[in-house]
Amino acid sequence: MSSIAVPNARERNVLAGALAFVRRHVLTVYSLLFFAYLLLPIAVVMVFSFNHPTGKFNYTWQGFTWDNWRYWDGVPGIRSAIFLSLEIGLVASLIATALGTMIALALVRYGFRGRATTNILIFLPLSTPEIVLGASLLTLFLNLSFVTFGFWTILIAHIMFCISFAVVTVKARLVGFDRHLEEAAMDLGANEWTTFRKVTLPLTAPAILAALLLCFAISIDDFVVTYFNSGSEVTFPLFVWGAARIGAPPQVNVIGTAIFIVAVTAMLFNVLYQRRREVRA
Amino acid sequence: MSFFHRHRGLTPYLLLGPGIAWLAVFFVVPLGFLAYQSLQSGNFDIGYAFTWSWGNYWHAIRDYHAQFVRSLEYAGLATVLALVISYPVAYWIAFRGGRWKNLLLLFIVAPFFVTYLIRTLAWETILSDNGFVVNTLQSLHVLGPSGRLLATSAAVVTGITYNFLPFMALPLYVSLEQIDGSLIEAAEDLYASKLQAFLRVTLPLSLPGVVAGTLLTFIPAAGDFINAQLLGAPENHMIGNVIQSKFLELTDYPAAASMSFILMGGILVAVAIYARIVGTEQLTGTAA
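Residues numbered from 1 in each chain as written. Chains lettered and ligands numbered in written order. Predicted model: local features only at pLDDT ≥ 70, side-chain atom pairs only at ≥ 80, totals over all residues.

Things to note about the overall build of chain B
How we decide: Put simply, DSSP marks the helices as runs of H or I at least four residues long and the strands as runs of E at least two long, and each gets a number from the N terminus on. Computation of the radius of gyration draws on C-alpha atoms, with the globule rule given as 2.2 Å multiplied by the number of residues to the power 0.38. Burial is judged by counting other C-beta atoms within 10 Å of a residue's own C-beta: 20 or more means buried, 12 or fewer means exposed, and anything between counts as partly exposed, with every C-beta placed from the backbone.
In terms of regular secondary structure, chain B is built from 14 helices and two strands. Against the 2.2 N^0.38 benchmark of 19 Å for 288 residues, chain B shows a C-alpha radius of gyration of 24 Å, more extended than a compact globule. The buried share of chain B, taken over its 288 residues, is 41%.

Listed below in structure tokens is the structure:
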């Protein structure tokens, strides 16, 4: 009967204190666990980039080696795949951002017939599953007998799904933009083109840069739409897909880690730069 | 320049022209071609002919309703999980993040700079048969000695949930961040408990973020086939897997095209139902 321990007053205080601590910090503890969960796969990718697999599967830890980093392009096809991805990412993000910025300017600055339709047309690709985007473009190209699948079909596809992202990014900045600055320039005798070059463009530049980076990131990561429209060309995600079927080599982890480090470093600089500017201001 | 002055009304159309033309030719027109293809009959060797063959749709539903239902189930489950997992964190960053907000957001987005496929392969490693997760669960007798995680529906849902998490977390954060803290203080001054203040003030005000996040997660998740391919067994395959193999391996274009439209229809119906539920909730929320 008396086997149930009755805590004395002191123990009860400690217990209550611990409980209060957990209650006060439960959200913080939970959030830290969340970040651990979020970063766990990334840690796995990084760790296994140093693995020395004995078989063809890079699933279990066998031993440490620098070789995968030293011979990052030691797997046939990986080098050309990376360069193709970079090339397409660069060209697609430049064109999509240019087209998207123009659309954003028109939408924010001008009243015109067909605005609502334009807004819907921008929104639709964002809310269509990728597989449908890829499949419909494939059907178009299949029905046009003069089209050969490869670099150009991939590029066309990437520009298509990047445009909407560019529009949304640039538009967000233009909406919160003080038009008096432009009016002031015009009052001081600048014509429309000069005003655009000297006032509008510099003020929207951060948003245009953000759109460029976003489009580049989306393009370089895209698998589904590319898979449907690539023919025999192989981008980096397609290379990973092909390699995964027979066991992905650790070099895939090396490239994944490298992309991650470059992207996060760039973003970290951006965050720190913004904070310094805020502190100064 | 004088050209622009004389034709000022033309400027917006000149700005829109190239981009809209691109979307028209490479997004709208292809959807038309997909619709056209979905009503054709024939096969790759003898060629396809347009015959208004609505049977493609009927056959797709008859043969693959399991995959359609599974896609909506997995996507729905992953969406709910993502919402439940990321809401507290979005709340924490928005209200307790202070000067670290941007850095914490960076941490949320960071994993997504590792290629989608590599991320999913990492989950394959984590959940693999002799990985530490399976070993731990086996020693705790949660999983039988021959039990596995890979090639189960749990693995597929885990992968989808993880892969679309920022699409949920970021809109949630944005809507929570915009909430005026004095509204919550006012509720507490009026003797609402912390829970009541959350349920009556914070939660309703964050609803736009919940809606945006849910849609941004659910729609791509329902069409996904990568997680089911890499983490699941054939009995976990989703409709995306079927569409993909019909298009690229079996070259049964009409069947694949009709399935794409059924998928879009399914998503549309699910979103419409959801919009109704949320819409009425929002109405009662403002009435209360």
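Quick notes on the overall build of chain A
Stated formally: Each residue is represented by a C-beta atom placed from its backbone, and any two residues with such atoms within 7 Å are regarded as in contact.
Of regular secondary structure, chain A possesses eleven helices and zero strands. From first element to last, N terminus to C terminus, chain A shows the α and β order α-α-α-α-α-α-α-α-α-α-α. Here chain A has a C-alpha radius of gyration of 26 Å; the compact-globule value for 281 residues is 19 Å, and the former is much larger. Taken over the C-alpha atoms alone, chain A extends approximately 90 × 55 × 40 Å along its principal axes. Within chain A, the proportion of its 281 residues that are buried is 37%. A separation of at least 24 residues holds for 76% of the contacts in chain A among residues at least 6 apart in sequence.

So, the domain arrangement of chain B
All names here are of chain B. Rules: Residue ranges labeled as domains rest on an automatic or database domain assignment.
Split by domain assignment, chain B resolves into domain 1 (1-38) and domain 2 (55-287). Distance between the C-alpha centres of domain 1 and domain 2: 34 Å. Facing four residues of domain 1, the contacting portion of domain 2 comprises seven residues.

Here we look at the packing of helix α4 (residues 115-126) of chain A against helix α2 (residues 11-38) of chain B
Quick note on the threshold: Interaxial angles span 0 to 180 degrees and are taken between N-to-C directions of axes, which are lines fitted to C-alpha atoms, for helices over the stretch in contact. Throughout this description, any angle smaller than 35 degrees is read as roughly parallel, any larger than 145 degrees as roughly antiparallel, any in the 65 to 115 degree range as roughly perpendicular, and the remainder as oblique. By convention, the crossing between two helices is left-handed when the near helix turns anticlockwise from the far helix through less than a right angle, and right-handed when the turn is clockwise. For this scheme, ten residues count as nonpolar: Ala, Val, Leu, Ile, Met, Phe, Trp, Tyr, Cys and Pro. Four count as charged, namely Asp, Glu, Lys and Arg, and the remainder, Gly too, count as polar.
With their axes 11 Å apart at the nearest point, α4 of chain A and α2 of chain B run at an angle of 50° to one another. By the angle between their directions, the pair α4 of chain A and α2 of chain B is classed as oblique. Note that α4 of chain A runs across α2 of chain B; the crossing there is left-handed. Only Leu-16, Ile-20, Leu-23 and Phe-27 of chain B of α2 of chain B make contact with α4 of chain A, whose side of the interface consists of Thr-118, Leu-121 and Pro-125 of chain A. Of the residues belonging to the contact of α4 of chain A with α2 of chain B, the class tally is six nonpolar, one polar and no charged.

Describing the domain arrangement of chain A
All names here are of chain A. For chain A, the assigned domains are domain 1 (8-47), domain 2 (49-75 + 250-281) and domain 3 (76-248). Of the residues lining the interface, four residues belong to domain 1; the matching set on domain 2 comes to six residues. Its residues placed into classes, the side of domain 1 that touches domain 2 shows four nonpolar, no polar and no charged.

A closer look at the interface of chain A and chain B
Many authors give the size of an interface as the accessible area that is lost as the parts come together. Listed by partner, the interface residues are 66 residues for chain A and 62 residues for chain B. The set of elements that each furnish at least two residues to the side of chain A that touches chain B consists of α1 (9-48), α3 (78-109), α4, α5 (130-143), α6 (151-175), α8 (192-221), α10 (236-246) and α11 (250-280) of chain A. At 14 residues, the largest contribution of residues to the side of chain A that touches chain B is made by α1 of chain A. Across the side of chain A that touches chain B, the residue classes break down as 51 nonpolar, twelve polar and three charged.

Quick look at the environment of Ala-217 of chain A
Within the secondary structure, Ala-217 of chain A sits in helix α8. As for Ala-217 of chain A and Glu-233 of chain A, which are separated by 16 residues in sequence, their C-alpha atoms are 20 Å apart.

A short note on the pairing of strand β2 (residues 47-50) of chain B
Residue and element names in this part refer to chain B. Applied cut-off: Two strands qualify as a pair provided DSSP detects at least 2 bridges between them.
In this sheet, β2 lies alongside strand β1 (residues 40-43) in antiparallel orientation, the contact comprising four bridges. Opposite Gln-40, over in β2, you have Phe-50 as the bridge partner. Where β1 folds back on β2, the antiparallel hairpin that results is connected by three residues.

What to know about unusual backbone geometry
All names here are of chain B. At His-141, a position not held by glycine, the phi torsion is positive, near 60°. Secondary-structure assignment places His-141 in the loop between α6 (132-139) and α7 (153-163). With 9 C-beta atoms packed within 10 Å, His-141 lands in the exposed category. The backbone phi angle of Thr-251 is positive, close to 45°, even though this residue is not glycine. In this fold, Thr-251 is placed in the loop between α13 (239-248) and α14 (253-287).

Considerations on the nonpolar core
Convention followed: As used here, a nonpolar core is made of buried Ala, Val, Leu, Ile, Met, Phe, Trp, Tyr and Cys residues. They are joined through C-beta atoms within 7 Å.
Ranked by size, the top nonpolar core spans 137 residues in total, and within it Ile-103 and Ala-135 of chain A together with Ala-90 and Met-259 of chain B carry the most contacts. In terms of residue count, α3 of chain A provides more of this core than any other element does, 14 residues in total. When near neighbours in sequence (up to four residues on either side) are disregarded, Ala-135 of chain A contacts Phe-228 of chain A together with Leu-34, Ile-243, Phe-247, Ala-256, Ala-257 and Ser-260 of chain B.

Digging into helix α4 (residues 101-109) of chain B
As a reminder, the rule being used: What the arc covers is the set of directions going from the helix axis to the C-beta atoms.
Among all positions of α4 of chain B, only Leu-104, Leu-105 and Ile-108 of chain B are buried. Down the axis, α4 of chain B shows its buried residues gathered within 100° of arc, on one side only. Where α4 of chain B is buried, its residues contact α1 of chain A together with α3 (55-96) and α8 (165-177) of chain B.

A short note on the environment of Gln-138 of chain B
Residue and element names in this part refer to chain B. Tracing the sequence through the fold places Gln-138 in helix α6. For Gln-138, a count of 15 C-beta atoms within 10 Å translates into the label partly exposed. When residues no more than four places from it in sequence are discounted, the contact partners of Gln-138 are Leu-143, Pro-145 and Gly-147.

Points about the packing of α3 of chain B against helix α11 (residues 207-222) of chain B
For any two helices packed against each other, one specifies the inter-axial angle together with the distance between the axes. Residue and element names in this part refer to chain B. Where α3 meets α11, the closest approach of the two axes is 9 Å, and the angle between their N-to-C directions is 145°. Between α3 and α11 lies a crossing whose hand is right-handed. On α11, the residues touching Ser-71, Leu-72, Ala-75, Gly-76, Ala-78, Thr-79, Ala-82 and Leu-83 of α3 are Val-210, Gly-213, Thr-214, Thr-217, Phe-218, Ala-221 and Ala-222. Residue composition of the contact of α3 with α11, by class: nine nonpolar, six polar and no charged.

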